[in-house]
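# Report on the structure
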Amino acid sequence: MLNGKKKILVTGSNGQLGNCLRKIADDFSVNYIFEFTDSASLDITDASQVEEHFRDLKPDYCINAAAYTAVDTAETDAERAFSINRDGVANLAEACKTFKTTLIHVSTDYVFDGDTNISYDEDNFTNPMGVYGLSKRQGEDAALEANPKTVILRTSWLYSEFNKNFVKTMLNLFKSKDELNIVADQFGQPTNANDLAEAIMVIIENDHKTYGIFHFSNYPETTWFDFAAKIAELSGSKVKLNPVTSDQFPTAAKRPMRSTMSLDKIERMYHIQPKYWENSLEDSIKTIIQHHD
Ligand SMILES: NC(=O)c1ccc[n+]([C@@H]2O[C@H](COP(=O)([O-])OP(=O)(O)OC[C@H]3O[C@@H](n4cnc5c(N)ncnc54)[C@H](OP(=O)(O)O)[C@@H]3O)[C@@H](O)[C@H]2O)c1
């Protein structure tokens, strides 16, 4: 604590979530001091660099926005995916334990196999379909084993005005294509990374000392096809979208068919009311259009 202010270390802050946290940091400057680091200034896979950083800063909270997020590339780059998503997370959790820091870590709906008709609860059986999901799942365990004082937020289908994501990919394709095939048999919940950043700050501000895994996303579930159709509608695109099956659109990594997560726990424990995904997309589409290349 400095002048009564709590210190928040953010890792991987050049990513989507990190940038969304940067955007709102000033709103919390009365009570918090943020230190934003990126892969150049703090490589989470380097245990001694992590330890040194924590020793200097002694943060009250660490938000881990660093991750290996290339789902398909991970299939042939497993060593790096595990190094960042499992071992890097373990390094942070160890440092958090040593310096009594609360770790807020982010995981994914891809820890589930999607072979279900119900919405997943936090304690449901996990069975990742690919390297990315497995590396994230092992990162969850590594974090909780090293430091039970960890909050893990599993989120899904993340987008924002920053970095690469489905919304920006669609907006780019709409400019050059008249027609697009979009997978219509995979279900999940799009999530605005700006909403995730706000939810993280609600958790920090209402620190109930309640740790463990929580699901956070926008809702209700939709398909990639309906998500793309809404992006087209909101951006005024006349592109023709054709629904296709996952089999017609093969990718290096298999994805869950239905990774819809129940949001009851975070609503109950933190009174966080997730937004409708369509409303959240509508609220931010203009900003995303301004930022997309
Ligand atoms: N994107 C999605 O659709 C999605 C869905 C579900 C869950 N999630 C989870 O949500 C979280 C945030 O995702 P995001 O979309 O914001 O990720 P992102 O945009 O890909 O950003 C990840 C950031 O991590 C940094 N990073 C990579 N290796 C690092 C290292 N060794 N040390 C420090 N920083 C490192 C990257 O920096 P460099 O660019 O310099 O490598 C990048 O800026 C992640 O945990 C992700 O797994 C994402």
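Preceding this section is the structure that the text describes.
Numbering of residues starts from 1 in every chain and runs along the sequence as written. Totals for whole chains, interfaces and linings use every residue, but because this is a predicted model, local features are given only for residues with pLDDT of at least 70 and side-chain atom pairs only at 80 or more, for both listing and counting.

Here the axes come from fitting lines to C-alpha atoms, over the contacting stretch only for helices, and the angles between their N-to-C directions go from 0 to 180 degrees. Secondary structure elements follow DSSP: runs of H or I no shorter than four residues count as helices, runs of E no shorter than two count as strands, and numbering proceeds from the N terminus. At a closest axis distance of 8 Å, the pairing of helix 3 (residues 78-98) and helix 4 (residues 131-146) adopts a crossing angle of 15°. One way to sum up the angle between helix 3 and helix 4 is to call them roughly parallel. Between helix 3 and helix 4 the crossing geometry is right-handed. Contact residues: helix 3 offers A78, A81, F82, N85, R86, V89, A90, A93, E94 and K97, while helix 4 offers V131, Y132, S135, K136, Q138, G139, A142, A143 and A146. Each residue belonging to the contact of helix 3 with helix 4 can be placed in one class, and the counts come to 11 nonpolar, 4 polar and 4 charged. Working definition: roughly parallel below 35 degrees, roughly antiparallel above 145 degrees, roughly perpendicular at 65 to 115 degrees, and oblique for all remaining angles. Crossing handedness is defined as follows: a turn of the near helix away from the far one that is anticlockwise and smaller than a right angle gives a left-handed crossing, while the clockwise case is right-handed. Note on contacts: residues are paired as contacts if their backbone-placed C-beta atoms lie within 7 Å. Gly is placed with the polar residues, together with every amino acid not listed as nonpolar (Ala, Val, Leu, Ile, Met, Phe, Trp, Tyr, Cys and Pro) or charged (Asp, Glu, Lys and Arg).

It is worth spelling out helix 1 (residues 16-25) at this point. Those residues of helix 1 that fall on the buried side of the exposure criterion are Q16, L17, G18, N19, C20 and L21. Elements that come into contact with the buried residues of helix 1 comprise strand 1 (6-11), strand 2 (32-36), strand 3 (61-64), strand 4 (102-108), strand 6 (158-159) and helix 6 (193-205). Residues with at least 20 other C-beta atoms within 10 Å of their own are called buried, those with 12 or fewer are called exposed, and the rest are partly exposed. The C-beta atoms themselves are positioned from the backbone.

To continue, consider the site of the ligand. Working rule for contacts: place C-beta from the backbone, and if it is within 6 Å of a molecule or strand, that residue counts as near it. Taken together, 27 residues lie near the ligand, and G12, G15, Q16, A66 and A67 sit nearest. Of all elements in the fold, only helix 1, helix 3 and strand 4 reach the threshold of two or more residues within the shell around the ligand. For the shell around the ligand, a count of residues per class yields 11 nonpolar, 13 polar and 3 charged.

So, on to the sheet that holds strand 5 (residues 150-155). The strands that make up a sheet pair up through hydrogen bonds in the backbone, lying either parallel or antiparallel. The parallel open sheet is built from 6 strands, whose spatial order is 2-1-3-4-5-10. Of all strands in the sheet, those bounded by a partner on one side alone are strand 2 and strand 10 (212-215). This sheet shows a mean twist of 20° between the axes of neighbouring strands, independent of strand direction. Whether two strands pair depends on DSSP finding at least two bridges between them. Both strand 1 and strand 3 contribute to a ladder of 4 bridges, which runs parallel. Each bridged residue has a counterpart across the sheet, and for L9 the counterpart in strand 3 is C62.

For our purposes the nonpolar core covers buried Ala, Val, Leu, Ile, Met, Phe, Trp, Tyr and Cys residues that link as a set through C-beta atoms within 7 Å. Counting 77 residues, the largest nonpolar core has I63, L92, A93 and L196 as the members making the most contacts within it. The greatest single-element share of this core, amounting to 9 residues, is contributed by helix 3. In contact with A93, other than residues within four places in its own chain, are L103, A142, A143, A146, N147 and T150.

To continue, consider the pairing of strand 3. Burial of the side chains of strand 3 extends over both faces: Y61 and I63 are buried on one face and C62 and N64 on the other. Where strand 3 and strand 4 come together, 4 bridges link them in parallel fashion. Across the sheet, residue C62 finds its bridge partner in strand 4, namely L103. In this view, the connection linking strand 3 to its parallel neighbour strand 4 by way of helix 3 has right-handed handedness. Here is how to tell: hold the view so the strands point away, follow the path from the first strand over the helix to the second, and if it runs clockwise the crossover is right-handed.

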